[in-house]
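# Structure at a glance
Letter by letter, the chains look like this.
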Amino acid sequence: MPDLDSPEFDFEALREQERALNVLAARTSTAELGRQVYPGWKSLWYFDVISDHLEACLRYVRGLPGGLRRIALQIPFQHGKSTIVEMFVARALGVDPSLRIVNATYNVDFARTRVDNVQRWMSHPAYRAAFGTRFGAAASVEDDVAPGRGKAKSTPDKLQNSANLFQVRGIDPAGQLQNMGGSFLSTSLGSGLNGRPYEIGIIDDPHKDEEAAASPVERRHVEERYDTIFESREQARSVQIFVFTRMSPDDLMGYALPRWEKAGIPHAVLRFPAILDD
């Protein structure tokens, strides 16, 4: 064992080794990235379970064995479900900056928070040391204009037509930033998705509250948006990730799961109840 009191002991070399190990850890999984970039990260057992399944989705997108096309996560309020999904988005873009990722939810303000948080994790020194991926300025997002109603209006604002978007850049061998083709779009379900295909599609709480989840009219509206807009943006190796706090057995997850099963789509359902059933 080295003598820490020795004047010849190289503390700087030890710190450099620690930094190198942290970089390697950040590259290994979503949960490990969270430990490196989020000071408030809690090393909870179910985070590791979720992280492993999210990695399976990423393997499917990349054409690697052991992949999953669909994941349904059922987690109570205030248990970190959105945080780990944000961390997964940052990691996925770090691993493959050409990926196009969309996140759809019930509310544009909630959607905008997803973009802000993913950018925060990607700005952390530990992330920047682990990955060469960077995010560009928020791209212009065009209004979806019906045919015959004039030309689409483009704006430099981050927020337009319920959509937030940033494009992904990477560092080339010369140290210059270049567009890598990837992007992250976070919006309300059905808004701003026209003409925007994805490799990873995330739906994070499409129902605002219990009242909306219990309304047959509101549920049908959400189902129609899923069928006609969200699913139609899939590509050959796209995955879908549902992240819900279940408020009704007839919500969008209850609608989609039987369809996945009937179609024979490889998927996993992870249920983490606040109170364990007998």
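See the structure printed just above.
First things first, this report covers the structure right here in the doc. (Residues numbered from 1 in each chain as written. Predicted model: local features only at pLDDT ≥ 70, side-chain atom pairs only at ≥ 80, totals over all residues. Heavy atoms only, no water.)

### Things to note about the layout of surface pockets
- A volume near 280 Å³ is recorded for the largest pocket.
- The element best represented in the lining of the largest pocket is helix α4 (residues 81–95), accounting for three residues.
- Grouping the amino acids of the lining of the largest pocket by side-chain chemistry returns four nonpolar, six polar and three charged. (1 Å grid on protein atoms, 1.4 Å probe; cavity = no way out; pocket = protein on both sides within 12 Å on 5 of 7 lines; lining within 4 Å. Points joined across faces, edges and corners; volume = space filled by probe spheres on them. Helix = DSSP H or I, 4+ residues; strand = E, 2+ residues; numbered from the N terminus. Nonpolar A, V, L, I, M, F, W, Y, C, P; charged D, E, K, R; others polar.)

### Concerning the packing of aromatic side chains
- Enumeration over the complete set of coordinates arrives at 14 aromatic pairs.
- Arranged with centres 5.0 Å apart and planes meeting at 35 degrees, the rings of Tyr 198 and Phe 230 form a pair that is tilted. One end of the pair, Tyr 198, is in strand β6 (residues 198–204); the other, Phe 230, is in helix α8 (residues 216–230), with 32 residues separating them in the sequence. Phe 230 shares its class with Tyr 198; the two are buried.
- Both rings, one in Phe 242 and one in Phe 244, keep their centres 5.3 Å apart while their planes meet at 5 degrees; by these two values the pair is stacked.
- Phe 244 gets classed as buried once you look at its relative accessible area, which sits at 1%.
- Here a set of aromatic residues connected by ring pairs shows up, and it is made of Tyr 198, Tyr 226, Phe 230, Phe 242, Phe 244 and Trp 260.
- Its end group placed over the ring of Tyr 60, Arg 237 keeps NZ or CZ at 4.3 Å from the ring centre. (Phe/Tyr/Trp six-rings, centres within 6.5 Å; stacked < 30°, edge-to-face > 60°. Buried < 20%, exposed > 50% of the residue type's maximum accessible area, 1.4 Å probe, protein only. Lys NZ or Arg CZ within 6 Å of the ring centre and 35° of its normal.)

### Focus: the packing of helix α2 (residues 30–37) against helix α3 (residues 45–61)
- Viewed as axis vectors pointing N to C, α2 and α3 meet at an angle of 120 degrees, and their least axial separation amounts to 8 Å. With respect to α3, the axis of α2 lies oblique. Where α2 abuts α3, its residues Thr 30, Ala 31 and Arg 35 lie against Phe 47, Asp 48, Ser 51 and Glu 55. (Axes fitted to C-alpha atoms, helices over the stretch in contact; angles between N-to-C directions. Parallel < 35°, antiparallel > 145°, perpendicular 65-115°, else oblique. Contact = heavy atoms within 4.5 Å.)

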